[in-house]
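A structural walkthrough
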Amino acid sequence: MDNSLPPADELALVDRELARLDARRSQLLARRAWLLRVLYAPAPSAPGPFPSAPGARPTASGPRPPVADSTPRSAQNVLLTLGGTLLTIAAIAFTLVSWGSMGIGGRSVVLFAVTSAALAAPVALLRRSLVSTAESVAALGLVLMVLDAYALHRVALPETDGLGYTAVAAAVLAGAWTAYGSALSRLRIPLPVAVVAGQLPLPLGVLAAGGGPTAFAWAALVTTAADGALILWTRPASVRITAAVGATALGGWALLTGGWLSLTSPWSGAPLLLAAAAPTLYAARRLPPLAVTASAVAGLAAVAAAGGLLRPAVPTDWTVPVYVLCGLALASVWRLSAATTGDGAAEETGWRLPGGVRLGLAGAGAGVAALGVVWALPPVAVGLLGPMARTTEVWSGEHAGRTLTSYPGTAVLVLAVAAAVLTAVPRLWARGGALALAWALLTALPVSLGLPYAATLTLQLLTAAAALACAVRPGPLTRGLRRPEPAEGSGTPEPPTSRPVRTSRRPTPTPSNWPG
């Protein structure tokens, strides 16, 4: 072996390395002894960086306390979930298929006994603080109760209608699970499952009775109202979340059905929409985080109901203007709620609508009006781009070919109403929108009314002249605008108010009263 160091130097190097390894081994052994003493000590002690007595070993006198389980909580939950799922699959297979020569009656007896044991076991498990295990066993018991209901239908009530029996069984199970979850309040599964079961009785009962879409929508709406009561007046978050999901699904179905009925059968859809809007608006008042969204949904339902009732009484060309007027009437709630106060606060009036509710209602009405304006834009596009498709001479004094002959003439009325409403709003953005809508109205007017070429040219020249005049003298457009309120803490001086300015009582210094 060829070494670069002399044998004496290499021997000294090896000795130093062995001494360092021995020191490190002693340090690790001391650390191990301290860890064992901490794990198996009869009473907890404050941990230190090193053991106080090196070489001391844990005493064997007296029973050792159980070692804390080092398995992560998530792993325990996964194992318990898998175990409960496997037991549930086994119970379903046992009930639905067969087990030896045992009939459905014998399986029902066995299921009843196993269900009773599964429902009673969580009581003992909770006393030992085994909450996760109790949850798994309780979930198995709930599934077994569903299988018991199926077995009861197969054995005792085979001739009963399936939908009707399911509705009754869902109601009974919802009540039983509610009582079970209330008795064992530490379990988190029974109450949300009871809420899920409570969504089924009324809709399934209506289907079993042969009810149509309207009756099913009313059943869904009543169930949604019950879910709203749970959201407002119950404490557990899991129950409120489950009820919110159910209310969203069933309430959305009821609203969609009401909107469809407002187009096909207005006198059936309007009561449904208004009945859906009332609890939604109440929920918006009680739940400030959802005030804007819930009130917007309620406002849209009210507009659809009112427009559906008025639509059959007017000609077809007036359908969109009717909905636009209903939307603008709803948007006026924002102004009416703060009509008597200059700062926009609704507390001084009799309406007392929260700001989020007013914002949602006004947003719903404004959204309907905006859709009406979009519907009225095709004549504007034709009036603006029509000369580009000219087939005759430029100075011939004739219009280009008509491309929009059957569009309703009420489109200009929608533009005029929207422009007038925005003019009444004392905001700069509203005046700008009103100016744009006025230009769109004057551009669409020749197309909608079929004006001759000379009148169209005159109107366009007057429009251009009016735009130039407004650019030179914008005073009439900005009249009545509110000044923006200064932010707190900024150096912007406050605008003058109507209150009298308090002046100093000291006399103004004049040469006659100067000192000396």
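All values derive from a computational prediction rather than experimental measurement.

On to the overall build of the chain, then. Secondary structure summary: the chain contains 19 helices and zero strands in total. Taking all 516 residues of the chain together, 28% fall into the buried category. In the chain, the share of contacts with a sequence separation of at least 24, taken over all contacts with a separation of at least 6, comes to 61%. In the structure as shown, the chain presents an accessible area of about 32500 Å², 68% of it carried by carbon and sulfur atoms.

What follows is about the pattern of salt bridges. Should their charged atoms come close, side chains of opposite charge can pair. Applying the stated criterion to the full structure yields two salt bridges. The partner of R20 in a salt bridge is E17, with the nearest N and O atoms 2.9 Å apart. In this pair, R20 and E17 both sit in helix α1 (residues 7-40), three residues apart, roughly one turn of the helix. R188 is the salt-bridge partner of E135, the closest N and O atoms lying 3.6 Å from each other. Here E135, found in helix α4 (residues 131-155), pairs with R188, found in the loop between α5 (162-183) and α6 (190-198); they are 53 residues apart in sequence, far enough to count as distant. R188 gets classed as exposed once you look at its relative accessible area, which sits at 62%.

Attention shifts here to helix α12 (residues 319-331). With 13 residues, α12 extends 19 Å from end C-alpha to end C-alpha; this agrees with the ideal 18 Å at 1.5 Å per step. Regarding α12, the residues found buried are T319, P321, V322, Y323, V324, C326, G327, L328 and L330.

The subject of this paragraph is the packing of aromatic side chains. Evaluation of the coordinates by the stated rule reveals two aromatic pairs. Both rings, one in F216 and one in W253, keep their centres 6.3 Å apart while their planes meet at 90°; by these two values the pair is edge-to-face. With F216 in helix α8 (residues 213-233) and W253 in helix α9 (residues 237-264), this residue pair connects regions lying 37 residues apart in the sequence. For F216, a relative accessible area of 18% corresponds to the buried category. Judged by relative accessible area, W253 falls into the partly exposed class, the value being 47%. Here the basic side chain of R358 rests over the ring of W334, its NZ or CZ set 4.4 Å away from the ring centre.

What follows covers the nonpolar core. Ranked by size, the top nonpolar core spans 16 residues in total, and within it V324, V373, A376, V380, L415, L437 and A444 carry the most contacts. Going through the elements one at a time, α12, α14 (355-375), α16 (411-423) and α17 (428-449) are the ones with two or more residues in this core. Here this core takes six residues from α16, the largest share from any one element. Once residues within four sequence positions are removed from consideration, A444 is found in contact with P379, V380, V412 and L415. The next biggest cluster of nonpolar side chains, apart from the first, holds 15 residues, and it includes L142, Y180, A194 and A197.

A separate point is unusual backbone geometry. With phi around 60°, S129 is a residue other than glycine that occupies positive phi space. When you line up the elements, S129 lands in the loop between α3 (104-127) and α4.

Once that is clear, we can look at the layout of surface pockets. Reported here for the second largest pocket is a volume of approximately 650 Å³. Lining of the second largest pocket is provided by 25 residues; of these, T224, A247, T280, A283 and A294 occupy positions nearest its centre. Among the secondary structure elements, those contributing two or more residues to the lining of the second largest pocket are α8, α9, α10 (266-286) and α11 (291-310). Considering each element in turn, the lining of the second largest pocket owes the most residues, eight residues, to α8. For the lining of the second largest pocket, the per-class residue count stands at 18 nonpolar, seven polar and no charged.

Within the secondary structure, T410 sits in the loop between α15 (378-385) and α16. Overall, T410 belongs to the buried group, its relative accessible area being 8%. Taking C-alpha positions, T410 is 8.5 Å from V320, a pair spaced 90 residues apart along the chain.

Right, let's talk about the side chain of S262 for a bit. Within the secondary structure, S262 is located in helix α9. A polar atom in the side chain of S262 sits 2.6 Å from the backbone oxygen of G259. When neighbours within four sequence positions are excluded, S262 is seen to be in contact with G269, L273, A304, G308 and R311.

In this section: α16. Counted at 1.5 Å a residue, the expected span for α16 with its 13 residues is 18 Å, and the 19 Å between its end C-alpha atoms agrees. Where the residues of α16 are buried, they touch α12, α14, α15 and α17.

This part takes up a nonpolar patch on the surface. Taken together, V14, L18 and L21 make up a surface patch of nonpolar side chains, about 260 Å² in accessible area. Topologically, L18 is positioned in helix α1.

Let us now look at the environment of G363. Counting through the fold element by element, G363 comes out in helix α14. Along the sequence, G363 and V297 sit 66 residues apart, while their C-alpha atoms lie 10.0 Å from each other.

This brings us to the packing of α4 against α5. Each pair of packed helices gets described by two things: the angle between the helix axes and the distance between those axes. Taken N-terminus to C-terminus, the directions of α4 and α5 make an angle of 150°; their axes are 11 Å apart at the nearest point. On the basis of the axis angle, α4 is roughly antiparallel to α5. The handedness of the crossing between α4 and α5 comes out as right-handed. Packed against α4, whose contacting residues are A138, L142, M145, V146, A149, L152 and H153, the element α5 presents Y165, A169, L173, A176, W177 and Y180 at the interface. Its residues assigned to classes, the contact of α4 with α5 comprises 12 nonpolar, one polar and no charged.

Take the packing of α8 against α9 next. It is at 8 Å that the axes of α8 and α9 come closest, and there the two elements cross at 150°. When the axes of α8 and α9 are compared, the pair comes out roughly antiparallel. The element α8 and its partner α9 pack so that their crossing is left-handed. Contacts between α8 and α9 involve P213, T214, F216, A217, A220, L221, T223, T224, D227, L230 and I231 from the former and R240, A243, A244, G246, A247, L250, G251, W253, A254, T257, W260 and L261 from the latter. Tallied by class, residues from the contact of α8 with α9 come to 15 nonpolar, six polar and two charged.

Basis of the calculations
- Numbering of residues starts from 1 in each chain and follows the order in which that chain's sequence is written.
- In view of the model being predicted, local features appear only for residues whose pLDDT reaches at least 70, and side-chain atom pairs are presented and counted only at 80 or more, with totals across whole chains, interfaces and linings using the full set of residues.
- Calculation of side-chain values draws on the structure's entire complement of heavy atoms; hydrogens and water are dropped beforehand.
- Strands are runs of DSSP state E lasting at least 2 residues, helices are runs of H or I lasting at least 4, and numbering of each runs from the N terminus.
- Accessible area is worked out with a 1.4 Å probe on protein chains only. A residue is then buried under 20% of its type maximum, exposed over 50%, and partly exposed in between.
- Contacts: residue pairs with any heavy atoms within 4.5 Å of one another.
- In short, Shrake-Rupley with a 1.4 Å probe defines the accessible areas, and a residue's cover is counted only from the protein chains shown.
- Each salt bridge in this description consists of a side-chain nitrogen of Lys or Arg and a carboxyl oxygen of Asp or Glu lying within 4 Å of one another.
- Given the number of residues in a helix, its expected span is that number minus one, multiplied by 1.5 Å.
- Two rings from Phe, Tyr or Trp (for Trp, the six-membered ring) form a pair when their centres sit within 6.5 Å of each other. Planes less than 30 degrees apart are called stacked, planes more than 60 degrees apart edge-to-face, and all others tilted.
- We call a charge positioned above a ring when the Lys NZ or Arg CZ atom is no farther than 6 Å from the ring centre and deviates by at most 35 degrees from the ring normal.
- Only buried Ala, Val, Leu, Ile, Met, Phe, Trp, Tyr and Cys residues count toward a nonpolar core, and they belong to the same one when joined by side-chain atoms within 4.5 Å.
- Cavities and pockets are found on a 1 Å grid laid over the protein atoms alone: a cavity is a set of points where a 1.4 Å probe fits but cannot escape, a pocket is an open set with protein on both sides within 12 Å along at least five of seven lines, and a lining residue has an atom within 4 Å of such a point.
- Grid points are joined across faces, edges and corners, and a volume is the space filled by probe spheres set on the points.
- Charged means Asp, Glu, Lys or Arg here, nonpolar means Ala, Val, Leu, Ile, Met, Phe, Trp, Tyr, Cys or Pro, and polar covers whatever is left, Gly included.
- Polar contacts, as counted here, are pairs of nitrogen or oxygen atoms within 3.5 Å of one another; within protein the pair requires one atom able to donate a hydrogen and one able to accept it, and residues that are adjacent in sequence qualify only if both atoms are side-chain atoms.
- Patches here are clusters of residues that have more than 30% relative accessible area and form no salt bridge, with a 9 Å joining cutoff for like charges and a 5 Å cutoff for nonpolar side chains (Val, Leu, Ile, Met, Phe, Trp, Tyr).
- Axis lines are fitted through C-alpha atoms, for helices just across the contact stretch, and the angle between N-to-C directions can take any value from 0 to 180 degrees.
- To sort the angles, those under 35 degrees are grouped as roughly parallel, those over 145 as roughly antiparallel, those from 65 to 115 as roughly perpendicular, and the leftovers as oblique.
- In this scheme the crossing of two helices becomes right-handed for a clockwise turn of the near helix relative to the far one and left-handed for an anticlockwise turn of less than a right angle.

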